[in-house]
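Each chain, written out:
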Amino acid sequence: MRRLPALCIGVLFALVSTTAAAQKPSLRPVSRWGAPELGLNLSLGLGRGEFQSFVKAAGGIGVYFAMPLDQGGVFAIRGDFSVLYHNYNTWVLYPVVSTKSYVSTLRVGPQLAIGSGPIRLYGFVAGGFSYFSTDLDLDDGWSCGVTTTLNDDFTWAAEGGGGVRIAIRTPGESGRGLSLDLGARTLHNGQATYVTAAGITQNSDGSFTVRPIRSDANLLVFHVGFSAQLR
């Protein structure tokens, strides 16, 4: 009977310890930058070298996806896709005729990131291809529009660039974070055939004459956008 109070105290102490352990939040490491990243940006391309004589600037959008190869997200495989428009004209006809020239580029390559705080620097190199196209669109306002390709060309593409990501919202319990993404890259397309605004002429019978140019078509591209971690 004398052992009963001691036994009760021991049981009470065990219950209190178990309850405290259950209420204590579990501590587990959170990998802030080790998750896949998806980014969307606005891009401005400036013609370089010979291309600058015919195309001063091109603007459009880009998207990228980076899959980390380590928990810290230092090394990753990065894929980029962008569309840059360098000519858009509307001709006063019926149906309405518009022409646009653009460069679509798909690239894949390794990415290296430095830093683990709210500011992270990154650099990358990539290879892929670019598609130069000039399209003519017919739209009478009633039926579906019709698109005709006036000129197109494929080239191999290589690029190198980098940038900085600045955290806007750090990952919470969901592990997701949002960052401002600023960067630049050099895009080397080599020789390409393309059409500028001066290379499209409307004839008296309503048809169009297209005069393509072939030259180096390299660009210096700047981008600003947002990236998000996917978990």
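Everything numeric in this text was worked out from a predicted model, so none of it was measured. (Residues numbered from 1 in each chain as written. Predicted model: local features only at pLDDT ≥ 70, side-chain atom pairs only at ≥ 80, totals over all residues. Heavy atoms only, no water.)

Draft legend 1. Summary view of the overall build of the protein chain. Broken down by element type, the protein chain carries one helix and twelve strands. The order of helices and strands in the protein chain, counted from the N terminus, is α-β-β-β-β-β-β-β-β-β-β-β-β. Here the protein chain holds 231 residues, and the buried ones make up 40% of them. At a minimum sequence separation of 6, the contacts of the protein chain that also span at least 24 residues come to 64%. (Helix = DSSP H or I, 4+ residues; strand = E, 2+ residues; numbered from the N terminus. Buried < 20%, exposed > 50% of the residue type's maximum accessible area, 1.4 Å probe, protein only. Contact = heavy atoms within 4.5 Å.)

Draft legend 2. Spatial organisation of the pattern of salt bridges. Scanning the model with the defined rule gives seven salt bridges in all. For R165, the salt bridge identified is with E37, shortest N-O distance 3.2 Å. Highlighted residues: R165 in strand 6 (residues 146-169) and E37 in strand 1 (residues 37-48), separated in sequence by 128 residues. Each member of the pair, R165 as well as E37, carries the same accessibility label: buried. Between E159 and R185 there is a salt bridge, and its shortest N-O distance comes to 3.0 Å. (Salt bridge = Lys/Arg side-chain N within 4 Å of Asp/Glu carboxyl O.)

Draft legend 3. The arrangement of the environment of L112 in detail. Here L112 lies in strand 4 (residues 96-114). By relative accessible area, which is 39% here, L112 ends up partly exposed. Linking L112 and F75, residues 37 residues apart in sequence, is a C-alpha distance of 5.0 Å. Not counting chain neighbours up to four residues away, the residues in contact with L112 comprise V74, F75, L121, Y122 and G123.

Draft legend 4. Seen up close, the packing of aromatic side chains. Tallying each qualifying case throughout the model produces seven aromatic pairs. An angle of 50 degrees between the planes, with centres 5.5 Å apart, marks the rings of Y85 and Y102 as tilted. Of this pair, Y85 sits in strand 3 (residues 75-91) while Y102 is found in strand 4, placing the two residues 17 residues apart along the sequence. One residue, R78, lies across the ring of F124, its end atom 4.4 Å from the ring centre. (Phe/Tyr/Trp six-rings, centres within 6.5 Å; stacked < 30°, edge-to-face > 60°. Lys NZ or Arg CZ within 6 Å of the ring centre and 35° of its normal.)

Draft legend 5. Broad picture of the side chain of D181. Turning to its location among the elements, D181 is positioned in strand 7 (residues 178-188). Of the buried charged residues, D181 lacks a salt bridge, with R78 as the closest side chain of opposite charge at 5.0 Å. For D181, the side chain forms a polar contact with the side chain of Y122, separated by 2.6 Å. (Lys, Arg positive; Asp, Glu negative; His and termini not counted. Polar contact = N/O pair within 3.5 Å; in protein donor to acceptor, adjacent residues only side chain to side chain.)

Draft legend 6. Looking closely at the side chain of S227. Along the chain, S227 turns up in strand 12 (residues 218-229). Accessibility expressed as a relative area gives 4% for S227, which makes it buried. S227 has contacts with L38, G39, Y64, R165, G177, L178 and S179, leaving out every residue within four places of it along the chain.

Draft legend 7. Representation of the environment of V195. Examined against the element boundaries, V195 turns out to sit in the loop between strand 8 (191-194) and strand 9 (200-202). The class for V195 is buried, based on a relative accessible area of 0%. Considered as a pair, V195 and L150 are 45 residues apart in the sequence and their alpha carbons are 9.0 Å apart. Excluding anything up to four places from it in sequence, V195 contacts H86, S101, T134, N151, I200, V210 and P212.

Draft legend 8. Summary view of the environment of V103. Following the sequence through the fold, V103 ends up in strand 4. Overall, V103 belongs to the buried group, its relative accessible area being 3%. For the pair V103 and S130, spaced 27 residues apart in sequence, the C-alpha separation works out to 6.6 Å. Those residues in contact with V103, other than ones at most four positions away along the chain, are S82, V83, L84, H86, S130, Y131 and F132.

Draft legend 9. Layout of the nonpolar core. Within the largest apolar cluster, 14 residues are counted, with the highest numbers of intra-cluster contacts made by F51, L84, F132, Y194, A217 and L219. Put simply, the parts of the chain that give this core at least two residues each are strand 8 and strand 12. Apart from the residues lying within four places of it in its own chain, the contact partners of F51 are Y194, D216, A217, N218 and L219. In this structure, V97, V195, I200 and F208 belong to the second largest nonpolar core, which totals five residues. (Core = buried A, V, L, I, M, F, W, Y, C linked by side-chain atoms within 4.5 Å.)

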